[in-house]
Amino acid sequence: MAIDRIRRTRKKEKGEIITIDGPAGAGKSTVGKMLAQRLKYFYLDTGAMYRAVALRALMEGIPPEDELALERLCNKLRISFQGDVPKQRVICQGEDITERIREPRVGWMASKVSMRRPVRQAMVRLQRQMGEKGGIVAEGRDTGTVVFPRAKYKFFLNAARSERVRRRHQELRAKGLFLRIAEVEKEMKKRDKQDSLRDLAPLRPAADARFIDSTSLTPEEVVEKIWQIVKKGSKV
Ligand code: DC
């Protein structure tokens, strides 16, 4: 996959690399987007890229165990981010998939395909190309450990599972998906386990990441914490 296949807009050509990793529902996306807006940085949602692969795999009937087919799929996929947050869109094969990739079945498939080496290799390569010039807030599971190990600012965002479940439940409701809270909890437990126990790039904090527990913090408070740290270390 070549860099010319990725279109991204960037307001600033220079800047730091900030990584935010953590489990589902910890608030990474909300915080990452707010921070990127404030810094005028590019927001890189690495989970959206795995979700794009997952959606295409589902559409093409590729099982998550079929590494060869997934590799072929990744080689032909054209994933791009258009515009800046909060209006950023995810485009794949010319189609706007921003909403579709948020369906629970796509999240589950993303967790499955992201365990596969060819998929990780292709996505990490793209993510590094997108971030090489800096001025980026990257968010995911391995952005501080694998994708950008030399990032200047690394954060690991976590929250109590009950709170993460509550947030995800609300998020889904807002999208018109009415799942029972017990179902959301079951799915989250399964996904936490799958993302943390896999061999390749498992979810874990980088040794030099700053840990933030967002259980009783608002997204604004988390952003403020990060902002203060970044402001101290860089001219922003
Ligand atoms: O953050 P998310 O829910 O959109 O991510 C969907 C899945 O993608 C998640 O279950 C694990 C995978 N993922 C990953 O393996 N590495 C990343 N950097 C981001 C997401």
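The preceding data block contains the structure.
Going along each chain's sequence as written, the residues are numbered from 1 onward. The model is predicted, so local features are restricted to residues of pLDDT at least 70 and side-chain atom pairs to those at 80 or more, both for listing and for counting; the totals for chains, interfaces and linings are taken over all residues. Each side-chain value is worked out from all heavy atoms of the structure, with water and hydrogens disregarded.

Peer 1: Can you help me understand the site of the ligand in this one?
Peer 2: A cutoff of 4 Å decides nearness: a residue is near a molecule or strand if any of its heavy atoms lies inside that distance of it. Residues in contact with the ligand amount to 15 residues; listed here are only the nearest, Arg-51, Arg-120, Asp-142, Arg-191 and Arg-198. Only the protein chains shown count as covering a residue, and every accessible area follows the Shrake-Rupley method with a 1.4 Å probe. When the ligand sits alone it has 440 Å² of accessible area, and the protein chains cover 97% of it. Counting from the N terminus, the helices are the DSSP runs of H or I reaching at least four residues and the strands are the DSSP runs of E reaching at least two. Going through the elements one at a time, α2 (46–59), α4 (104–113) and α8 (181–197) are the ones with two or more residues in the shell around the ligand. Sort the elements by how many residues they give to the shell around the ligand and α2 lands first, with four residues.

Peer 1: Teacher, can you tell me more about the packing of aromatic side chains here?
Peer 2: Aromatic ring pairs are described here by two measures, namely the spacing of the ring centres and the angle between the planes. For this analysis, a ring pair means two rings from Phe, Tyr or Trp (six-membered ring only for Trp) whose centres lie within 6.5 Å, classed as stacked if their planes differ by under 30 degrees, edge-to-face if by over 60, and tilted for the remaining angles. Across all of its chains, the model carries two aromatic pairs by this definition. Ring geometry for Phe-42 against Phe-81: centres 6.0 Å apart, planes inclined by 75 degrees, an arrangement best described as edge-to-face. Here Phe-42, found in strand β2 (residues 42–45), pairs with Phe-81, found in strand β3 (residues 79–82); they are 39 residues apart in sequence, far enough to count as distant. Exposure classes here rest on a 1.4 Å probe applied to the protein chains alone. A residue is buried below 20% of its type maximum, exposed above 50%, and partly exposed in between. What makes Phe-81 buried here is its relative accessible area of 1%. Considering the side-chain rings of Phe-156 and Phe-211, the 5.9 Å spacing of their centres and the 20 degrees angle between planes classify their relative orientation as stacked. Placement of the pair is Phe-156 in strand β7 (residues 153–158) and Phe-211 in strand β8 (residues 210–213), with a sequence separation of 55 residues.

Peer 1: Before we go on, may I ask you to explain the side chain of Ser-214 in this structure?
Peer 2: Mapped onto the secondary structure, Ser-214 falls in the loop between β8 and α9 (219–233). What makes Ser-214 buried here is its relative accessible area of 2%. Contacts described as polar in this section are N or O atom pairs within 3.5 Å, which, within protein, must combine one atom able to donate a hydrogen with one able to accept it, while residues neighboring in sequence count only if both atoms come from side chains. Within polar-contact distance, the side chain of Ser-214 engages the backbone oxygen of Ala-26 at 2.9 Å.

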